[in-house]
Amino acid sequence: MTKFIKFNLSITMKLSLIVALVFIGLNLSFHSQINDTVRLNHYKVLASHNSYKKHPNQKVIKFLSKFKKQLGPSNDPEQMDYGHVPLPEQFDYYNIRGIEIDVNYDPKGGLYRKRKVNKLISGLRQKVKDPVMKQPGFKVLHIADVDYETNYLTFKQVLNELKSWSNAHPNHTPIFVNIESKGFNPGDESRFLRFLGFKRALQFDAQAFQDLDKEILEILPVDKIFKPADLKGNYSSIKERLNTECWPLLSTCLGKIIFILEGNNQNLYEQSGVNRPIFVYNPPNGDNTAFVIKNDPVGNEKEIELLTKKYIVRTRSDAGTLEARANDYTRLKAAIQSGAQIISTDYYKPDPRFGTFVVKLKAD
């Protein structure tokens, strides 16, 4: 028995060594290929959409479905019914290199501690026990009071997860972090919901964006972030940089995290210039435009293809569970054909409830 165990351990160790050597070889081969040829805007990634999100409680989905018409298409419970594994699993097993995080402003703390829809559903807890929800800081959730299940309650938790994973993989290819500043809650559109305790969203102002910068820079070292100023360099603007020298080599951006902002009052963020840690999605031809968002690629393939010659473009291969339920790859095909560098999906792995719909990118 002892000899048999030693023999099997020996085989296991040898196999592990072979796998490790192959992995190292592949990494070396990959890095040697990108060193002198591939620029950051040639790098194409699969991204997850609302990457923090867990599947909603099915009791909530069933309850909200009774009021589908009143909720409107933007709050359709059927389109909320998706979720994701934690970020390290996305990075390690599905090669995700773009994520999206919804940040909700909560400077005093406690604003998002209660989940008001649960007050109307038997058997669900209304208050979140975790004390971090009482503390000041940005909270991470999809739709306040309604679609709140999350792998990360706070933006700081997301940042710490990114830092830990990046430190463990110091030469990883860049990770794009799409930040959406949330400025609208169900409580904003209904007086009746406010009567039930649903909260209005706090709008993002200059102080909110300063606080957002502060959370990032308190957790991530500056040299781990590829910032607007890094792209601008010694030029008068990012526009001049891209017109003159193009994007930096991908090899110089290994191990970096790149933040891009969209959402509520995003223009306030950009008005302060490029000396901040976050890029902003902008229309083409702006002085500081580096990233452009075109979420619907169908019919826009040629436009996106032209934009990618100068900018990094984000698009989506599916939305709101619709493509997964219909096993419809039309949007994915358009996204790939467009050449968009960031393709966002909820289905890097299939949801067996809907079928086999899955989004994968072929290596260039």
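Please refer to the structure placed before this passage.
About the cut-offs
Residues numbered from 1 in each chain as written. Predicted model: local features only at pLDDT ≥ 70, side-chain atom pairs only at ≥ 80, totals over all residues. Heavy atoms only, no water. Helix = DSSP H or I, 4+ residues; strand = E, 2+ residues; numbered from the N terminus. Buried < 20%, exposed > 50% of the residue type's maximum accessible area, 1.4 Å probe, protein only. Contact = heavy atoms within 4.5 Å. Areas by Shrake-Rupley, 256 points an atom, 1.4 Å probe, with all protein chains shown as cover. 1 Å grid on protein atoms, 1.4 Å probe; cavity = no way out; pocket = protein on both sides within 12 Å on 5 of 7 lines; lining within 4 Å. Points joined across faces, edges and corners; volume = space filled by probe spheres on them. Nonpolar A, V, L, I, M, F, W, Y, C, P; charged D, E, K, R; others polar. Axes fitted to C-alpha atoms, helices over the stretch in contact; angles between N-to-C directions. Left-handed = near helix turned anticlockwise from the far one by under 90°. Phe/Tyr/Trp six-rings, centres within 6.5 Å; stacked < 30°, edge-to-face > 60°. Salt bridge = Lys/Arg side-chain N within 4 Å of Asp/Glu carboxyl O. Core = buried A, V, L, I, M, F, W, Y, C linked by side-chain atoms within 4.5 Å. Pairing = 2+ DSSP bridges. Right-handed = clockwise from strand over helix to strand, strands pointing away. Expected span 1.5 Å × (residues − 1). Arc of directions from axis to C-beta.

Colleague: Quick one: what's the story with the overall build of the protein chain, residue by residue and with numbers?
Modeller: Summing up its helical and strand segments, the protein chain has 14 helices and nine strands in all. Counting only residues that meet the buried cut, the protein chain has 50% of its 364 residues in that class. For the protein chain, the share of sequence-separated contacts (at least 6 apart) that also reach a separation of at least 24 residues comes to 72%. Of the roughly 18,100 Å² of accessible surface on the protein chain, a fraction of 55% belongs to carbon and sulfur atoms.

Colleague: Which residues make up the layout of surface pockets, and what are the values?
Modeller: By volume, the second largest pocket amounts to about 400 Å³. Those elements that place two or more of their residues in the lining of the second largest pocket are strand E2 (96-104) and strand E8 (312-316). When grouped by side-chain class, the residues that make up the lining of the second largest pocket number four nonpolar, eight polar and nine charged.

Colleague: Break down the packing of helix H5 (residues 155-168) against helix H8 (residues 206-219) for me, with residues and values.
Modeller: Close contact between H5 and H8 brings their axes to 9 Å; oriented N to C, the two are set at 35°. Along this stretch, H5 crosses H8, giving a crossing that reads as right-handed. Along its contact with H5, which presents Phe155, Lys156, Leu159, Asn160 and Lys163, the element H8 presents Leu212, Glu215, Ile216, Glu218 and Ile219. Counted by class, the contact of H5 with H8 contains five nonpolar, one polar and four charged residues.

Colleague: Pulling in residues and values, what's your account of the packing of aromatic side chains?
Modeller: A full pass over the atoms with the stated rule returns 15 aromatic pairs. The interplanar angle of 80° and the centroid separation of 5.7 Å between the aromatic rings of Trp247 and Phe291 together place this pair among those described as edge-to-face. Taken together, the positions of Trp247 in the loop between helix H10 (238-244) and strand E5 (257-263) and Phe291 in strand E7 (residues 291-293) put the pair 44 residues apart, joining distant regions of the chain. Note on Tyr329 and Phe357: the rings are 4.7 Å apart at their centroids and 35° apart in plane angle, and the pair reads as tilted. Placement of the pair is Tyr329 in the loop between helix H13 (322-326) and helix H14 (330-338) and Phe357 in the segment after strand E9 (342-345), with a sequence separation of 28 residues.

Colleague: Hey, could you go over the pattern of salt bridges for me, with residue numbers and the actual values?
Modeller: For the structure shown, the criterion picks out 10 salt bridges. The salt bridge partner of Arg314 is Glu100, with a shortest N-O separation of 3.4 Å. Taken together, the residues Arg314 in strand E8 and Glu100 in strand E2 connect sequence positions 214 residues apart. In terms of burial, Arg314 and Glu100 fall into one category: buried. As a salt-bridge pair, Glu303 and Lys294 come within 2.9 Å of each other at their nearest N and O atoms. Among the charged side chains, a salt-bridge network with shared partners connects Asp81, Asp351 and Arg353.

Colleague: Account for the nonpolar core, naming residues and giving values.
Modeller: In terms of nonpolar packing, the biggest core is built from 43 residues, with Ile101, Phe155, Val177, Ile179, Ile216 and Phe259 touching the most fellow members. Not counting chain neighbours up to four residues away, the residues in contact with Ile216 comprise Phe155, Leu159, Ile179, Ile225, Phe259, Pro277 and Ile278. Residues Ala47, Leu242, Trp247 and Ile342 belong to the second largest nonpolar core, which totals 26 residues.

Colleague: Could you give me a rundown of the pairing of E8, with the residues and numbers involved?
Modeller: The buried fraction of E8 is high, at five of five residues. The alternating pattern of E8 places Ile312, Arg314 and Arg316 and Val313 and Thr315 on opposite faces, both of which are buried. Sheet topology note: the E7/E8 ladder contains three bridges and is parallel. If you follow Phe291 over to E8, its bridge partner there is Ile312. Read from E7 through helix H12 (residues 301-307) to E8, the crossover connection turns out right-handed. Summarising the sheet, E8 and E9 pair through three bridges and their orientation is parallel. Directly across from Arg314, in E9, lies its bridge partner Ile342.

Colleague: Go over the environment of Val222, please, and point to the residues and values.
Modeller: Mapped onto the elements, Val222 comes out in the loop between H8 and helix H9 (228-232). If we skip the residues at most four places from it in the chain, Val222 touches Leu217 and Lys227.

Colleague: Please give an account of H8 that cites residues and values.
Modeller: Given a rise of 1.5 Å per residue, 14 residues ought to cover 20 Å, and the 21 Å separating the end C-alpha atoms of H8 matches this to within 8%. Of the positions making up H8, those classed as buried are Ala208, Phe209, Leu212, Asp213, Glu215, Ile216 and Ile219. In a view along the axis of H8, the buried residues occupy a sector of 160°, so they form one face of it. Where H8 is buried, its residues meet E2, H5, strand E4 (175-181), E5, helix H11 (266-270) and strand E6 (278-280).

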